[in-house]
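Chain by chain, the residues run as shown.
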Amino acid sequence: MLDIATELELSLGRGHRVGVVTVAAVHGSAPRTVGSAMAVDEAGDVIGAISGGCVESEAYELALAALAGSLGVASTDLGLSNDDALAAGLSCGGHLGVVASVLDPADAAVRSQLALAARGEEAALDIGLASGEVRPADAGDARAGTLRIRRENAPRLIIVGAVDFASALATAARPLGYRITVVDARPAFATQRRHPDAHEVVRAWPGDYVANESIGPRDVICVLTHEERFDIPALVAALASDAGFVGAMGSRRTDARRRELLRDAGVPQESLERLRSPIGLDLGGASPAQTAVSIVAQVVADAHGRHGGHLSERTSATIHARG
């Protein structure tokens with residue numbers, strides 16, 4: 001449910017009650033995880049998805065029934081048997097346990113948690129599996145018969161260099177849930193107008209900015225400037241941080257020179273081995289938008305311990321990463 005917090009809060013803000021179907025359990029192969037949700041508001045607008053298209057019709061009907069108050073029980077299974085899976089289109093072979101709830105615009109406590117999640121801040125809700133009641137999470141562990149859904153603070157994506165590639169990367173990465181900062185010392189380039197999908201645009205020397213930020217293992221730093229006066233200090237700071245992904249754009253010749261300059265700056269070899277440069281998966285694209293896709297693809301692959309490649313050539317039975 002917290003994965004669609006922004007859209008839920010918009011509907012509630014318009015005064016609409018919202019029926020929400022939340023994934024409470026995943027059995028077998030399915031493309032969405034526990035806590036994923038689909039909703040329908042009183043205006044008939046559909047928000048989110050719980051299966052990538054497999055059982056959306058069933059979820060839609062459950063959400064409408066919740067709004068109408070005609071549900072017998074709040075929890076049920078979708079795609080429980082092979083016949084049900086085929087009928088629902090759950091061709092991936094798994095089934096989902098779901099719980100249906102109703103959100104009311106007057107519930108300020110729940111809305112406060114949705115607002116936190118929409119801003120990329122930590123939030124948590126408890127959902128009663130028998131009743132479908134939604135409430136802010138209590139202190140301590142979830143009680144028996146309760147599904148606790150939690151959203152951590154959003155991971156950060158710091159993009160060094162307010163260039164066209166940075167704007168495209170912000171656009172491509174924002175749906176992935178990153179809190180995006182573009183940083184550049186050049187006032188003419190570092191403007192919100194040029195980077196509308198960044199959460200913030202900072203005018204500062206990138207090396208100083210990165211060195212003074214709190215950066216954790218879920219965070220990503222992408223250096224896109226192609227200017228050594230910006231690149232090298234930013235990368236020195238990035239590689240000294242706990243960032244889970246550090247990448248830099250440039251040709252192989254640029255990469256070779258950059259690594260020499262980083263060695264001269266005292267960056268140890270083990271840190272240099274963390275550097276993803278040239279950044280991105282080999283997709284063959286060249287435009288800013290295509291390059292952005294290759295970068296976010298590498299970020300996602302790295303986060304799940306994958307190397308990219310064609311799924312049709314994958315021999316493992318598991319396609320969707322878990323965890």
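This structure is a prediction, so every number in the text was calculated from the model and none was measured.

**Structural notes on the overall build of the protein**
- What the protein contains, in helices and strands, is 10 helices and 14 strands.
- The C-alpha extent of the protein, read off along each of the three principal axes, is 70 × 45 × 35 Å.
- Burial status across the protein gives 45% buried among its 323 residues.
- Taking all contacts inside the protein whose residues are at least 6 apart in sequence as the whole, residues at least 24 apart take part in 58%.
- For the protein, the computed accessible surface area is about 15700 Å², with 50% contributed by carbon and sulfur atoms.
- Looking at the protein, you have 30 positive and 40 negative side-chain charges, and the mean spots of the two groups are 6 Å apart.

**Re empty space enclosed by the protein**
- Tallying each qualifying case throughout the model produces 1 cavity of 30 Å³ or more.
- Empty space within the largest cavity amounts to approximately 40 Å³.
- Lining the largest cavity are L157, A173, L176, Y178, V220, V296 and V299.
- Per-class residue counts for the lining of the largest cavity are 7 nonpolar, no polar and no charged.

**Some thoughts on the nonpolar core**
- Judged by nonpolar contacts, the single largest core of 25 residues is most densely connected at L157, I159, L169, I180, C222 and L224.
- Listing elements by their share of this core, those giving two or more residues are β9 (156-160), α5 (164-173), β10 (179-184), β12 (220-223) and α10 (288-303).
- In contact with I180, not counting residues within four places along its chain, are L157, I159, A170, A173, R174, D197, A198, H199 and E200.
- The next biggest cluster of nonpolar side chains, apart from the first, holds 23 residues, and it includes L2, L8, L114 and A123.

**So, the sheet that holds strand β4 (residues 75-78)**
- On the basis of which strands lie adjacent, the open sheet formed by 5 strands has the order β3-β2-β1-β5-β4 and antiparallel pairing. Strands at the two margins of the open sheet, each flanked by one partner only, are β3 (46-48) and β4. Here the strands of the sheet are splayed against their neighbours by 25° on average, with no regard to which way each runs.
- Bridging between β4 and strand β5 (residues 95-103) involves 4 bridges; their strand directions are antiparallel. Bridge pairing in β5 places T76 opposite V98.
- Those strands touched by helix α1 (residues 5-13) are β1 (18-27), β2 (37-41), β3 and β5, and its axis lies near 155° from that of β1.

Cut-off values and rules
Residues numbered from 1 in each chain as written. Predicted model: local features only at pLDDT ≥ 70, side-chain atom pairs only at ≥ 80, totals over all residues. Heavy atoms only, no water. Helix = DSSP H or I, 4+ residues; strand = E, 2+ residues; numbered from the N terminus. Buried < 20%, exposed > 50% of the residue type's maximum accessible area, 1.4 Å probe, protein only. Contact = heavy atoms within 4.5 Å. Areas by Shrake-Rupley, 256 points an atom, 1.4 Å probe, with all protein chains shown as cover. Lys, Arg positive; Asp, Glu negative; His and termini not counted. Charge placed at Lys NZ, Arg CZ, Asp CG, Glu CD. 1 Å grid on protein atoms, 1.4 Å probe; cavity = no way out; pocket = protein on both sides within 12 Å on 5 of 7 lines; lining within 4 Å. Points joined across faces, edges and corners; volume = space filled by probe spheres on them. Nonpolar A, V, L, I, M, F, W, Y, C, P; charged D, E, K, R; others polar. Core = buried A, V, L, I, M, F, W, Y, C linked by side-chain atoms within 4.5 Å. Pairing = 2+ DSSP bridges. Axes fitted to C-alpha atoms, helices over the stretch in contact; angles between N-to-C directions.

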